[in-house]
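Structural characterization, general
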Amino acid sequence: SDFIASLQRALKARGLYLLPLTGTLDPATLSAVQRFQADRGLDSPRLSLAAARELGLIATRREDL
């Protein structure tokens, strides 16, 4: 639930998730993930590794930035 809350927080900061943080992978969270990824050419509610990195949820080496 901590990871999902962090995901919701990152999406909220980008104006994609507007509800209170719950830490639950609910339909609103999945929809926000899908909207975030659609702008990057991936139309899926399943969070990709690249999207997680872009949202700052997974460590990335500086060389990869």
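Right, let's walk through the structure included here. (Residues numbered from 1 in each chain as written. Predicted model: local features only at pLDDT ≥ 70, side-chain atom pairs only at ≥ 80, totals over all residues. Heavy atoms only, no water.)

Comments concerning the overall build of the protein chain
- From N to C terminus, the protein chain includes three helices and zero strands.
- Starting at the N terminus, the α and β elements of the protein chain follow one another as α-α-α.
- Its C-alpha atoms give the protein chain principal-axis dimensions of about 35 × 25 × 20 Å.
- In the protein chain, once contacts between residues fewer than 6 apart in sequence are set aside, the share between residues at least 24 apart is 17%.
- Summing over all exposed atoms, the protein chain offers an accessible surface of approximately 4,400 Å²; the carbon and sulfur share of this is 55%.
- One finds the centroid of the 9 positive side-chain charges in the protein chain at a distance of 3 Å from the centroid of its 7 negative side-chain charges. (Helix = DSSP H or I, 4+ residues; strand = E, 2+ residues; numbered from the N terminus. Contact = heavy atoms within 4.5 Å. Areas by Shrake-Rupley, 256 points an atom, 1.4 Å probe, with all protein chains shown as cover. Lys, Arg positive; Asp, Glu negative; His and termini not counted. Charge placed at Lys NZ, Arg CZ, Asp CG, Glu CD.)

Focus on the environment of T29
- Residue placement: T29 occurs in helix α2 (residues 27–38).
- Since its relative accessible area comes to 0%, T29 is described here as buried.
- Spatially, the C-alpha atoms of T29 and L7 are 8.3 Å apart, while their sequence positions differ by 22 residues.
- Once residues lying within four places of it in the same chain are set aside, the contact partners of T29 are L7, Q8, L11, Y17 and T24.
- Engagement of the side chain of T29 in a polar contact is seen with the side chain of Q8, the distance being 2.8 Å. (Buried < 20%, exposed > 50% of the residue type's maximum accessible area, 1.4 Å probe, protein only. Polar contact = N/O pair within 3.5 Å; in protein donor to acceptor, adjacent residues only side chain to side chain.)

Some details on the pattern of salt bridges
- What the rule picks out here adds up to one salt bridge.
- With a shortest N-O distance of 2.9 Å, E54 and R40 are connected by a salt bridge. Here E54 is found in helix α3 (residues 49–54), whereas its partner R40 is found in the loop between α2 and α3, with 14 residues between them in sequence.
- Take E54: its relative accessible area is 44%, and that puts it in the partly exposed class. (Salt bridge = Lys/Arg side-chain N within 4 Å of Asp/Glu carboxyl O.)

A look at the nonpolar core
- In terms of nonpolar packing, the biggest core is built from 10 residues, these being L7, A10, L11, L16, Y17, A32, V33, F36, A51 and L55.
- Mapped by element, the contributors of at least two residues to this core are α1 (2–13) and α2.
- Setting aside residues no more than four positions away along its own chain, L11 makes contact with L16, Y17, T29, A32, V33, F36 and L55. (Core = buried A, V, L, I, M, F, W, Y, C linked by side-chain atoms within 4.5 Å.)

Quick look at the packing of aromatic side chains
- Applying the stated criterion across every chain yields a total of zero aromatic pairs.
- We note R40 situated over the ring of F36; from NZ or CZ to the ring centre the distance is 3.8 Å. (Phe/Tyr/Trp six-rings, centres within 6.5 Å; stacked < 30°, edge-to-face > 60°. Lys NZ or Arg CZ within 6 Å of the ring centre and 35° of its normal.)

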